[in-house]
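What follows is the residue order along each chain.
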Amino acid sequence: MSETVHDVVIVGSGVAGQSAAVYAARADLSPLVLTGDEPGGQLTLTTDVENYLGFPDGVGGHELVQRGREQAERFGASFRQASVASADLDDRPFELSLSTGETLSARSLVLATGASARTLGVPGEDELMGYGLSTCATCDGAFHRGHDVIVVGGGDAAMEEALFLTKFADSVTIVHRREELRASEILARRAREHDAIEFRWNAELAAIHGAREEGVTGATIVSHPDGHPTRRRADGESVETERLDVQGVFYGIGHEPNTAFLAETGIAVDDRGYVVTDSETTETTVDGVFAAGDVADDRYQQAITAAGTGAQAALDAERRLDERSVAAEDDRRIVA
Ligand code: NAP
């Protein structure tokens, strides 16, 4: 067991974790932020953030998280590059086993581990991930200058990826399993009106072709006029199959919350894996553990809402620590 007991350990360093760190640090709780496998979180995979309040001309994702970290450090938060392998939340203080082999003790925890890109499991995916297949246009778009590429998905992320890819690719085909977009009207309109973007409606990716040495050389898509062709094919309906000559494939099909390390901790997650919190606070089903950002939010998933819930989690943690120290003080008085 480690000797130092931290008042607040924040797991994850995206905007939710950073915002919790600013609030906890300003409350003199010297929070420790474990940065996780993706320091800075999903914003580091974004170019311009246009809807974060206070930046009328937009702000780069990297810049925003860099500033957030500096702000938290200025008030006394510390950051450590590690993720949590497992957690023992049965006793107080909590015990965390880190990926580095260390253990940490904490009186309260803020879970801000966010969510990671969803994948499809189609043939070719494992081999070609990072070799022409990507979940991040911002990271890998520049490799596709002069290429034809596809983007899978119909939400905001897919539209943003497609629009970004037009800076490099000759053509971008958005493959969406229905004929109605989930994306917000503004992004959907920009994509629809873009000359270099075309849509394949009611279509899904069935396989990615190529090899690591040569990258992606094509993709097979299936389609059905009523949508969801993969499901229909599995049910025995006939679907149309088409091979597209593309050199890049991008997934923009949403994210899965990062909660694997919470197995057997008593923290309840819903049927999609998102951490369940109290209806009025950020408290999880374990007393003293709070959750913020995308790991507990399957509805809004915005940088600004993640920052907001990060602040709430720190305030909730502070209040719980205060209540406990008042209770401990009362106990001491009774004994005396
Ligand atoms: P999302 O809104 O959940 O959209 C995921 C898209 O992928 C949906 O169109 C979905 O199809 C499709 N999809 C999911 N699983 C699939 C599968 N197995 N096969 C084929 N298609 C599949 O996720 P997101 O686009 O990542 O956005 C998440 C949140 O972040 C949203 O709240 C979004 O508004 C926000 N966001 C905002 C911005 C921005 O404002 N600039 C940018 C990015 C994200 P269906 O529509 O049929 O379900």
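Each value, and the rule that gives it
Residues numbered from 1 in each chain as written. Predicted model: local features only at pLDDT ≥ 70, side-chain atom pairs only at ≥ 80, totals over all residues. Heavy atoms only, no water. Helix = DSSP H or I, 4+ residues; strand = E, 2+ residues; numbered from the N terminus. Buried < 20%, exposed > 50% of the residue type's maximum accessible area, 1.4 Å probe, protein only. Contact = heavy atoms within 4.5 Å. Areas by Shrake-Rupley, 256 points an atom, 1.4 Å probe, with all protein chains shown as cover. Core = buried A, V, L, I, M, F, W, Y, C linked by side-chain atoms within 4.5 Å. Domains from an automatic or database assignment. Pairing = 2+ DSSP bridges. Expected span 1.5 Å × (residues − 1). Near = heavy atom within 4 Å. Polar contact = N/O pair within 3.5 Å; in protein donor to acceptor, adjacent residues only side chain to side chain. Nonpolar A, V, L, I, M, F, W, Y, C, P; charged D, E, K, R; others polar. Axes fitted to C-alpha atoms, helices over the stretch in contact; angles between N-to-C directions.

S.K.: I'm lost on the overall build of the chain in this one. Help?
M.R.: For the chain, the helix and strand inventory stands at eight helices and 19 strands. With respect to the three principal axes, the spread of C-alpha positions in the chain is 80 × 45 × 40 Å. Counting across all 336 residues of the chain, residues that qualify as buried make up 48%. Nonlocal contacts in the chain, meaning residues at least 24 apart in sequence, comprise 61% of its contacts between residues at least 6 apart. Summing over all exposed atoms, the chain offers an accessible surface of approximately 17,000 Å²; the carbon and sulfur share of this is 44%.

S.K.: Whenever I open this one, the nonpolar core confuses me. Can you help?
M.R.: One broad trend across soluble globular proteins is that nonpolar side chains are buried collectively. Ile 10, Leu 43 and Val 110 are the most contacted members of the largest nonpolar core, which has 31 residues in total. Beyond its immediate sequence surroundings of up to four residues, Ile 10 is in contact with Gly 17, Ala 20, Ala 21, Pro 31, Leu 32, Val 33, Leu 34 and Val 110.

S.K.: In this structure, what is going on with the domain arrangement of the chain? I would like to understand it.
M.R.: Interfaces are often sized by the amount of accessible area the parts lose when they come together. Domain boundaries in the chain define domain 1 (5–116 + 255–335) and domain 2 (119–251). Relative to domain 2, the C-alpha centre of domain 1 lies at a distance of 34 Å.

S.K.: What is the right way to look at the pairing of strand S7 (residues 94–98) in this model?
M.R.: The side chains of a regular strand alternate between both faces of the sheet. Counting buried residues in S7 gives four out of five residues, a clear majority hidden from the surface. Linking strand S6 (residues 84–88) to S7, which pair antiparallel, is a turn of five residues. In this structure, S7 lies alongside strand S8 (residues 103–111), joined through four bridges in antiparallel fashion. Following the sheet pairing, Ser 97 is matched in S8 by Thr 103. The hairpin turn running from S7 into S8, its antiparallel successor, is four residues long, and Gly 101 in that turn takes a positive phi close to 95°.

S.K.: Would you mind showing me how to read helix H1 (residues 15–26) here?
M.R.: Along an α-helix, a turn takes 3.6 residues, which lines up residues three or four apart on a common side. Across its 12 residues, H1 extends 16 Å between first and last C-alpha, which sits within 8% of the 16 Å expected from 1.5 Å per residue. The buried fraction of H1 amounts to 10 of the 12 residues, a majority that puts the element mostly inside the structure. Following H1 by one or two positions, Asp 28 adopts a phi angle in the positive range, close to 65°.

S.K.: Looking at this model, I keep getting lost on the sheet that holds strand S12 (residues 171–175). Mind explaining?
M.R.: The strands that make up a sheet pair up through hydrogen bonds in the backbone, lying either parallel or antiparallel. Taken in spatial order, the five strands of this open sheet run S10-S17-S11-S12-S13, and their pairing is parallel. What marks the edges here is a single partner per strand, and that holds for strand S10 (133–134) and strand S13 (197–200). As judged from the four bridges shared by S12 and S13, these two strands associate in the parallel manner. Across the sheet, the residue bridging to Val 175 is Arg 200, located in S13.

S.K.: What should I look at first to understand the site of the ligand in this one?
M.R.: Surrounding the ligand, one finds 23 residues, the nearest of these being Asp 156, Glu 160, Arg 177, Arg 178 and Arg 182. A distance of 3.0 Å separates an oxygen atom of the ligand from a polar backbone atom of Gly 154. Here a nitrogen atom of the ligand sits 2.7 Å away from a polar atom, N or O, in the side chain of Glu 160. Expressed as a share of its isolated accessible area of 910 Å², the protein-covered part of the ligand is 78%. Considering every element that reaches the shell around the ligand, the biggest residue donor is helix H5 (residues 156–165), with three residues. Tallied by class, residues from the shell around the ligand come to five nonpolar, 10 polar and eight charged.

S.K.: I'm lost on the sheet that holds strand S15 (residues 215–223) in this one. Help?
M.R.: Read from one edge to the other, the open sheet built from three strands follows the order S14-S15-S16, with strand pairing classed as antiparallel. Edge positions in the sheet fall to strand S14 (203–211) and strand S16 (240–244), since each of these pairs with one other strand and no more. Mean inter-strand twist for the sheet, computed between neighbouring axes without regard to direction, equals 20°. With eight bridges joining them, S14 and S15 adopt antiparallel strand pairing.

S.K.: What is the right way to read unusual backbone geometry from this model?
M.R.: With the exception of glycine, most residues fall at negative phi, and the peptide bonds are largely trans. The residue after Arg 92, namely Pro 93, is reached through a cis peptide bond having omega -5°. Here Glu 264, not a glycine, exhibits a phi torsion of approximately 60°, which is positive. When its relative accessible area of 83% is taken as the criterion, Glu 264 is described as exposed.

S.K.: I'm lost on the environment of Thr 103 in this one. Help?
M.R.: With respect to the helices and strands, Thr 103 occurs in strand S8. According to the relative accessible area criterion, Thr 103 is partly exposed, its value standing at 33%. Residues Thr 103 and Glu 323, 220 residues apart in the sequence, show an inter-C-alpha distance of 26 Å.

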